[in-house]
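Coordinate analysis (summary)
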Protein chains: 6
Amino acid sequence: MNGYTDYIITSLNELTDPQLDPACAVPDRRRIVEILKAAQVLLFPAFYHYEGMSQRIALAFLHDHLCDEILRTAELTGNCGNAQEQTNAFIQCLPQIKKVLLTDIEAIYNGDPAAISKAEVILCYPGFYAITIFRIAHELYRLGIPYIPRIMTEYAHEKTGIDINPGASIGEYFCIDHGTGIVIGETAVLGHHVKLYQGVTIGAKSFELDENGFPVKGGKRHPDIGNHVTIYANATILGGTTIIGDHSVIGGNVWLTSSVEEGTTVSYENTASRRKRHEEEE
Amino acid sequence: MNGYTDYIITSLNELTDPQLDPACAVPDRRRIVEILKAAQVLLFPAFYHYEGMSQRIALAFLHDHLCDEILRTAELTGNCGNAQEQTNAFIQCLPQIKKVLLTDIEAIYNGDPAAISKAEVILCYPGFYAITIFRIAHELYRLGIPYIPRIMTEYAHEKTGIDINPGASIGEYFCIDHGTGIVIGETAVLGHHVKLYQGVTIGAKSFELDENGFPVKGGKRHPDIGNHVTIYANATILGGTTIIGDHSVIGGNVWLTSSVEEGTTVSYENTASRRKRHEEEE
Amino acid sequence: MNGYTDYIITSLNELTDPQLDPACAVPDRRRIVEILKAAQVLLFPAFYHYEGMSQRIALAFLHDHLCDEILRTAELTGNCGNAQEQTNAFIQCLPQIKKVLLTDIEAIYNGDPAAISKAEVILCYPGFYAITIFRIAHELYRLGIPYIPRIMTEYAHEKTGIDINPGASIGEYFCIDHGTGIVIGETAVLGHHVKLYQGVTIGAKSFELDENGFPVKGGKRHPDIGNHVTIYANATILGGTTIIGDHSVIGGNVWLTSSVEEGTTVSYENTASRRKRHEEEE
Amino acid sequence: MNGYTDYIITSLNELTDPQLDPACAVPDRRRIVEILKAAQVLLFPAFYHYEGMSQRIALAFLHDHLCDEILRTAELTGNCGNAQEQTNAFIQCLPQIKKVLLTDIEAIYNGDPAAISKAEVILCYPGFYAITIFRIAHELYRLGIPYIPRIMTEYAHEKTGIDINPGASIGEYFCIDHGTGIVIGETAVLGHHVKLYQGVTIGAKSFELDENGFPVKGGKRHPDIGNHVTIYANATILGGTTIIGDHSVIGGNVWLTSSVEEGTTVSYENTASRRKRHEEEE
Amino acid sequence: MNGYTDYIITSLNELTDPQLDPACAVPDRRRIVEILKAAQVLLFPAFYHYEGMSQRIALAFLHDHLCDEILRTAELTGNCGNAQEQTNAFIQCLPQIKKVLLTDIEAIYNGDPAAISKAEVILCYPGFYAITIFRIAHELYRLGIPYIPRIMTEYAHEKTGIDINPGASIGEYFCIDHGTGIVIGETAVLGHHVKLYQGVTIGAKSFELDENGFPVKGGKRHPDIGNHVTIYANATILGGTTIIGDHSVIGGNVWLTSSVEEGTTVSYENTASRRKRHEEEE
Amino acid sequence: MNGYTDYIITSLNELTDPQLDPACAVPDRRRIVEILKAAQVLLFPAFYHYEGMSQRIALAFLHDHLCDEILRTAELTGNCGNAQEQTNAFIQCLPQIKKVLLTDIEAIYNGDPAAISKAEVILCYPGFYAITIFRIAHELYRLGIPYIPRIMTEYAHEKTGIDINPGASIGEYFCIDHGTGIVIGETAVLGHHVKLYQGVTIGAKSFELDENGFPVKGGKRHPDIGNHVTIYANATILGGTTIIGDHSVIGGNVWLTSSVEEGTTVSYENTASRRKRHEEEE
């Protein structure tokens, strides 16, 4: 219609990349967020009322739209699974997800002197919000569905500042307080009764590079955290072979790139253990 | 209606907890956010226009919906105050809240070389946004209203990454720059002319545990910060007996769990004072 | 109409400041966010579908509403440029913005072992989201338009926890991973192939104060980062004269207030270099 | 809060009537309209996409919300049926409703020289829209549910100007053309293959009055229309004992208050038959 | 920006008329509809819940937005009244409006054998809906406010097919059944206990023309209808000097352009009286 | 997923018709309404502000979405024209449409003693609303586009009760007053300066039937109305060979199925001419 308009649009569209010019529709982020909200209605109907959905409506909504989005991602990756089966498998996991979330609520309520009731945990705690979304996304990740789990956890990241990769394995009674800035990597494994404060990173140390200097995709890159471990604010634990033993306490701002035994307390002030680690790492 | 649907929903609803099965409606987060937006219209009508509300509409909206939400929380806690009186008391605080916010605007404008006008502070500074919501929530906290103040500050947390517990006491001319990752605990007390940068924690050191190993609820757990104190990015100040004297400067990344006197500058590089603290703390 | 309502509103409105009582409408944050979304539709139409906009509609939307918002800011600052010319100049930059964003996508895809495709970068990476908005805002900043660029980057800040001042200069192939808590100041200059992890600050050391004790507005206050530099999580680099040489690696949690030469690796553990910096800085 | 506001509201609320001050919530018109839209999605999913609902979501939506609204009306009338059973009974009627609607589509398509396809009947014909809603409402009426059926047909009335009382009985292959101004009363009975043009009234002649001069509620008040009857624009047929025999044609503007035999053509111009009717009626 | 776009828009905008190029904003139809909805919330709060408005919010909404719209119309006509005073005067009429509406509800309930309760009148009867809006609009018309009353009654016209000019005077106990197609002119006067069926016109006979052949604006052009008059479907009563005496009944489809005395029954079939009228009118 | 849900949905979907099971998407009624609103913004920007659209946005919106909807209808009918060319041809008609609408405004303003300004005609007159939509739809009809024109005029029908087939030809200075119930058929031709009141039908007399008893599609079925003709309320004019001569006046409720010469006044009371017509028609 218009010379100038057409010129600008053509100039923009000439700049592209086959991967960014998919022949099919990409997953719909807005819909995936709605699927999450439907799941929350199913899990805790007294607390979530997305668009006045009842549980029955939420289940039908989740069923049909999740199936559609799985189909879209399958088309995009050219790697068709059985969307209907995957959807049903996910729905069957919902009671198990709720069971674990009830332990998380208990852990958060017991873990914060400021919490006045378990209801408050659902109503107010961004940590619980992020854990809920992670546990939903993790089941989809386990079913081998691409993109959707990550879109879900990035939505939680946006809302809470808590960035948990859907590939991480996290045990029961998981407690996050404040939470902003937490990063948990794809191959991290956390036991039961783990408690994290804001700014904690459970990340990768450095990447193996291929012959072109690019990181090698895949591989175990993130630490294992044992049971009953508390990690204080802004601590950083890195590396795929780093193992934090059960009942350890990692102090605030601690930088940890090697394993510690069961029952260890690592504090920022503990210069002796730091020097030891330095020697080990050099 | 449907065997399978009913089975899933029943399986989910069997998993519950009396505290998560309230007999009454829980506070409505969406409404509480709207109450906040109505309050912003009242405070700075040139800058906030939520749904085209005039101040008169905003006041009527705030009055009736705040009263409703207070009633809901009272029902939930079984602890009925006088919602009508609490609402009126809050409304009477609004001019005082505005008066203090004007000092905060001045402090933020004067504190950032990049700020070009006071209008920019309202339009662009997440720090000011979070402080506004905190000051509103704090008045409701002082009136003894549960849940609502925390839902408000968690909304600010979501939008800004700044997590100020509504119980904290914060003086005039409060300045936050950047702000992401700031955490201020429930029993913290901050004086006038305090300036905080991103990632600062004013938190609890460790919790007193009861005979079951759970944190004891309540008690003074967070520091006191004096007047004219500046705390640089990612500094951490912990503990209910920690007092930062007036006119102190706490450097970036500093980890501080004991008091400092008036006029002290604590810097990350200052290894002498660090060693001193280590000795004190060991 | 009402004694009490009028009393409260009058009490609120008496408390004001000439700068907060503008004679004209202030920029409309909601509209500016829509302009951003229209720009995203223009740049990557397969991935962004704001309100079902086609590229042609997005271009008309962006054209007319950006022009209006520029006029509003010009009125507010009393500093009228030519809104129509500035709008057209911005639109002409869009292909160049896309060209650079394609390099950013490549850098992010190559930089993360967990990334499975370039499409995932657009769909899931908050780092890419923040960079897109920064690059749009930066062009408007360069055209001398006040307020709007900052409102844009603060929107990205809200969504991602990544706070890049629109005045910063950032080269091609810019990669952010995780991102929460990143702060990049107004006068920072970053080269090509820079990679940042969460919590990195590229900030100001301290401000020059005027005779009244207020920071002097303007001036070069933030570091220069060379090409092919990687900065790990929570590192802090401060000061307008600090220069990080090409091909340097700055370790996690490092605190750096002086320059380092090309090819330097600064690690938290590297106590020798730290001591050297201490001496230099004292 | 406010003298004047409270005065006006009190003055308004003092003026009431026990019937207008129900102790329970009244049926929700907006929700009932959504139920209709969900039913349309179920019936013709290629043509109706209310809020992107799939049939499964529409069924769950219809199930739960219809049940809720039936409960509300039961509370209002103090006449509790079994809402769950009534809802299920209605859902089981849906295939039968569709079956009849398919005959209506055929009748409308065959009856209008301007119709180019059956798809056009669903897309464009207000007559079909009103018939659809009538057939849904009629099933609920038959189940003894008050208020809801009438709210549904009044919604159709609003959208099309066609006012069919949900109590009317209407056979298959029902065709309405143009439709504005059609009125069909509660106790009217229409056969198969009836065709009505705009402005046709099938109404009551006059009401029996009780001792207070008020119409006696209930009773057969509206005509019976046979099979294969066509009634042209603005014709009026009145009275509970009026029977229009099969295969009759009633001309435009005709006023008819007595029965006609099978195969009669009554035209406005036919003064002979008119005179005869006059004599009969006098 | 674009040759072609600019050409079309310029071609369109060149075609104009000073009256269609107002220097100020025209009344906002959407807002005026919202004002109506706020008024309905005030009048019958159990039945209308526009956007969850309480009565207090509705009153504030009505107050501020009505005042704004009155100002807009005053600017448009260049005929400034006192918008604030007019608004307050209207608000003071609300209890009187409700008082009369309660009589209308009673009349409709008593007048329809199908009505099961007064609640049904508010929930389902388009006649009551149109009367409510008429009575609101009429008060604004009486206050001398232009445009707004007509926009209101045209909204009712759109929703119900009932077109009552806001200038008409209508007594208490006004009953409309079905209603589609009713037209009541600006200078019509209806007494108490008037009942109208669908398609009734109370209109103008012919207009006095000025020297240019245009109708002379203003003047009494529509009939007076006495008390306790019933007018059946599609009857037409025309002319500014036509007076229908009390307790008359006008039959369906009757065409009446001259007065009838108290207690007259005019029926379509009554050819004697018709002939008489013919003679009178010829 | 669910036996019962699947059973109901399957039962519904088994009942179908190839024409109601299109392989492609049907035209989107909601979008077509938005296209109309965009056209109104283009034509009278001071009066229509759909979603805050500027004329430029409205033009881009209209261009892209009209083109899409034309493509959809082409797919549905299997009768592909050139959607892009048809869209451009329509856009080029817009100034001509506006030119004629300005004559319509003049005619309505001059034709109603109650009209106080031309602005009121746009703001309040449903007749003008319906004419606007008719004139838009008629241009699309002339371009041979199926479905869309009819969806547009049915939208006007819904809003105003005025049902003008998009195929009708209507001259300049067209005036409709009140309008509810007007029907104008597909092959009607109206001259300039025609004025219609509510309830007027310009329709078909009877349909030619094919060998199966179905109306033959197509053919001239509706009257021709000359210039400067006024037709009063509820008059009915039928038949493809009926011609109403220039400067005729057709009285209210008149039923006319044969032609009248130039300058004729046909009134309901004129029994002589009626008898004459009866004789002609018998």
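Structure: above.
This section reports on the structure supplied with the text.

Cut-off values and rules
- The numbering scheme is per chain: residues are counted from 1 as the chain's sequence reads.
- Written order determines the labels here, with chains lettered from A and ligands numbered from 1.
- Per-residue local features are limited, in this predicted model, to residues with pLDDT of at least 70; the limit for side-chain atom pairs, both in listing and counting, is 80 or more; totals at the level of whole chains, interfaces and linings are taken over all residues.
- The side-chain values count all of the structure's non-hydrogen atoms but skip hydrogen atoms and water molecules.
- Each helix is a run of H or I in the DSSP string that is no shorter than four residues. Each strand is a run of E no shorter than two, and both are numbered from the N terminus.
- Alignment of the copies relies on least squares applied to C-alpha atoms, considering only residues that score at least 70 for pLDDT in both.
- The criterion used for residue contact is that any of the two residues' heavy atoms lie within 4.5 Å.
- The term buried area refers to how much accessible surface (probe radius 1.4 Å) is lost by two components on association, counted for both of them together.
- The working definition used for a salt bridge is a side-chain nitrogen of Lys or Arg within 4 Å of a carboxyl oxygen of Asp or Glu.
- Think of it in three bands: residues with accessible area under 20% of the maximum for their type are buried, residues over 50% are exposed, and the middle band is partly exposed, with areas taken using a 1.4 Å probe on protein chains only.
- Aromatic contacts are taken between Phe, Tyr and Trp rings whose centres are within 6.5 Å, Trp giving its six-membered ring; a plane angle under 30 degrees counts as stacked, one over 60 as edge-to-face, and the others as tilted.
- We call a charge positioned over a ring when the NZ of a Lys or the CZ of an Arg lies within 6 Å of the ring centre and within 35 degrees of the ring normal.
- Any two strands with at least two DSSP-identified bridges between them are counted as paired.
- Here an angle of 0 to 180 degrees is reported between the N-to-C directions of two axes, which are lines fitted to C-alpha atoms, with helices fitted over the stretch in contact.
- An angle below 35 degrees is treated as roughly parallel, one above 145 as roughly antiparallel, one from 65 to 115 as roughly perpendicular, and anything else as oblique.
- Residues were grouped as follows: Ala, Val, Leu, Ile, Met, Phe, Trp, Tyr, Cys and Pro as nonpolar; Asp, Glu, Lys and Arg as charged; and all remaining residues, including Gly, as polar.
- Here a polar contact means two N or O atoms within 3.5 Å. Within protein one must be a hydrogen donor candidate and the other an acceptor candidate, and residues neighboring in sequence count only if both atoms are side-chain atoms.
- Any cysteine sulfur atom paired with another within 2.5 Å is treated as part of a disulfide.
- A helix is expected to reach a length of 1.5 Å times the quantity of its residues less one.
- To get the bend at a given residue, fit one axis to the seven residues ending there, fit another to the seven starting there, and take the angle between those axes.

The next subject is unusual backbone geometry. Positive phi, close to 65°, is recorded for Asn234 of chain B, a residue that is not glycine. Tracing the backbone through its elements, the reader meets Asn234 of chain B in the loop between strand S9 (230–231) and strand S10 (236–238).

Superposing chain B onto chain A takes a rotation of 120° plus a shift of 0.0 Å along the axis, which leaves an RMSD of 0.0 Å. Here the copies are linked by what is in effect a three-fold axis. An asymmetric contact is evident, with only 8% of the interface residues of chain B recurring at the interface of chain A.

Next up on the list: the interface of chain B and chain A. With 49 residues of chain B at the contact, the number on the chain A side is 48 residues. Per-residue buried area on chain B facing chain A is highest for Leu12, Leu20 and Trp255 of chain B; these three make up 15% of the total on that side. Where chain B packs against chain A, one counts 4 salt bridges. Among the salt bridges present, the one from Lys118 of chain A reaches Asp17 of chain B, with a minimum N-O distance of 2.8 Å. Elements with a minimum of two residues in the side of chain B that touches chain A: helix H1 (3–14), helix H7 (148–160) and helix H8 (271–281) of chain B. Examining the composition of the side of chain B that touches chain A, we find that 8 residues originate from one element, H1 of chain B, more than from any other.

All right, on to the relation of the copies chain B and chain C then. Under the fitted operation, chain B is carried onto chain C by 0.0 Å of movement along the axis and a turn of 120°, and the coordinates agree to an RMSD of 0.0 Å. Mapped onto chain C, only 9% of the interface residues of chain B are again interface residues, and the two copies thus contact each other with different surfaces.

By relative accessible area, Asn234 of chain E is classed as buried at 16%. With residues up to four places along the chain from it excluded, the contact list for Asn234 of chain E reads Thr201 and Thr236 of chain D together with Gln198, Gly199, Val200, Asn253 and Val254 of chain E.

The next point concerns the packing of aromatic side chains. The final tally for this structure, using the stated rule, is 16 aromatic pairs over all chains. Between the aromatic rings of Tyr197 of chain B and Tyr232 of chain B, the centroid separation amounts to 5.0 Å while the plane-to-plane angle is 20°, which identifies the pairing as stacked. Of the two residues, Tyr197 of chain B sits in the loop between strand S6 (195–196) and strand S7 (201–203) while Tyr232 of chain B sits in the loop between S9 and S10, which places them 35 residues apart along the sequence. Between Tyr4 of chain C and Tyr7 of chain C the ring centres are 6.5 Å apart and the planes differ by 40°, which places this aromatic pair in the tilted class. On the criterion of helical spacing, the pair formed by Tyr4 of chain C and Tyr7 of chain C is a turn pair, its members being 3 residues apart in helix H1 (residues 3–14). Classification of Tyr4 of chain C by relative accessible area gives partly exposed; the value is 21%. Here Arg150 of chain A stacks its cationic end above the ring of Tyr125 of chain C, 4.3 Å away from the centre of that ring.

Scanning the model with the defined rule gives 71 salt bridges over all chains in all. The salt bridge partner of Arg221 of chain A is Glu186 of chain A, with a shortest N-O separation of 3.0 Å. With Arg221 of chain A in the loop between strand S7 (201–203) and strand S8 (224–225) and Glu186 of chain A in the loop between strand S4 (183–184) and strand S5 (189–190), the pair connects residues that are 35 residues apart, well separated along the chain. By the burial criterion, Arg221 of chain A is buried, and Glu186 of chain A matches it. The residue Asp224 of chain A makes a salt bridge to Lys220 of chain A at a minimum N-O spacing of 2.4 Å. Given a relative accessible area of 26%, Asp224 of chain A falls into the partly exposed group. Through salt bridges with shared partners, a single network forms among Asp6 of chain A, Arg56 of chain C together with Asp64 of chain F.

Moving on, we get to the sheet that holds strand S6 (residues 195–196) of chain D. Residues and elements named next belong to chain D. One open sheet accounts for 5 strands, arranged S3-S6-S9-S12-S14; its pairing is parallel. Looking at the sheet topology across the chains shown, the edges are occupied by strand S3 (175–176) and strand S14 (265–266). Pairing geometry for S3 and S6, over 2 bridges, is parallel. Directly across from Cys175, in S6, lies its bridge partner Lys195.

This part is about the packing of helix H2 (residues 29–43) of chain F against helix H7 (residues 148–160) of chain F. Residues and elements named next belong to chain F. Where H2 contacts H7, the axes come no closer than 10 Å and their chain directions differ by 75°. One way to sum up the angle between H2 and H7 is to call them roughly perpendicular. Of H7, the residues touching H2 (which contributes Arg29, Ile32, Val33, Ile35, Leu36 and Lys37) are Ile148, Ile151, Met152, Tyr155 and Glu158. Across the contact of H2 with H7, the residue classes tally to 8 nonpolar, no polar and 3 charged.

Another aspect to go through is the environment of Ile151 of chain F. Position of Ile151 of chain F relative to the elements: it lies in helix H7. With relative accessibility at 1%, the residue Ile151 of chain F sits in the buried group. For Ile151 of chain F and Thr241 of chain F, which are 90 residues apart along the polypeptide, the C-alpha to C-alpha distance reads 28 Å. Those residues in contact with Ile151 of chain F that lie beyond four places of it in its chain are Leu123 and Cys124 of chain D together with Pro27, Arg29 and Ile32 of chain F.

Taken together, the contact pairs 47 residues of chain B with 48 residues of chain C. Applying the counting criterion to the chain B and chain C interface returns 4 salt bridges. Arg150 of chain C is paired through a salt bridge with Glu120 of chain B; the nearest N and O atoms lie 4.0 Å apart. At the junction of chain B with chain C, the criterion picks out 13 residue pairs in polar contact (both at pLDDT 80 or more). At the level of elements, helix H2 (29–43), helix H3 (55–77), helix H4 (83–111), helix H5 (118–124) and H7 of chain B are the ones that each hand at least two residues to the side of chain B that touches chain C.

What follows concerns the state of the cysteines. Under the criterion given, the structure shown has 0 disulfides over all chains. Cys175 of chain B carries a free sulfur, and the closest cysteine sulfur to it, the one in Cys124 of chain B, is 15 Å from it.

Residue and element names in this part refer to chain D. Direction vectors running N to C along helix H2 (residues 29–43) and helix H6 (residues 126–142) enclose 105°, while the axes themselves pass 11 Å from each other. The orientation of H2 relative to H6 falls into the category roughly perpendicular. Along its contact with H2, which presents Leu36, Ala39, Gln40 and Leu43, the element H6 presents Tyr129, Thr132, Ile133 and Ile136. Per-class residue counts for the contact of H2 with H6 are 6 nonpolar, 2 polar and no charged.

All names here are of chain F. Taken in spatial order, the 5 strands make up an open sheet running S1-S4-S7-S10-S13, and their pairing is parallel. The two strands at the open ends of the sheet, each matched to only one other strand, are strand S1 (163–164) and strand S13 (255–256). Two elements, strand S4 (residues 183–184) and strand S7 (residues 201–203), share 2 bridges in a ladder whose sense is parallel. What sits directly across from Val183, in S7, is Thr201.

This part covers H2 of chain D. It helps to recall that an α-helix has 3.6 residues per turn; residues three or four apart then point in one direction. The first and last C-alpha atoms of H2 of chain D sit 21 Å apart over 15 residues, in line with the 21 Å expected at 1.5 Å per residue. With 11 of 15 residues buried, H2 of chain D lies mostly within the body of the structure. For H2 of chain D, the complete set of buried residues consists of Ile32, Val33, Glu34, Ile35, Leu36, Ala38, Ala39, Gln40, Val41, Leu42 and Leu43 of chain D. Elements that come into contact with the buried residues of H2 of chain D comprise helix H3 (55–77), helix H4 (83–111), H6 and helix H7 (148–160) of chain D together with helix H1 (3–14) of chain F. The backbone nitrogen of Arg30 of chain D has a side-chain oxygen 3.0 Å away, supplied by the residue at the start of H2 of chain D, namely Asp28 of chain D.

The next subject is helix H4 (residues 83–111) of chain C. Residues and elements named next belong to chain C. The terminal C-alpha atoms of H4 lie 39 Å apart, and with 29 residues this matches the ideal 42 Å at 1.5 Å per residue to within 8%. When the local axis directions of H4 are compared, the greatest deviation, roughly 35°, occurs at Leu94, which is followed within four positions by the proline Pro95. Looking at where H4 begins, the residue whose side-chain oxygen comes 3.1 Å from the main-chain nitrogen of Gln84 is Asn82.

Further remarks concern the side chain of Thr236 of chain F. Checked against the element boundaries, Thr236 of chain F lands in strand S10 (residues 236–238). In contact with Thr236 of chain F, other than residues within four places in its own chain, are Asn234 and Asn253 of chain D together with Thr201, Val254, Trp255 and Leu256 of chain F.

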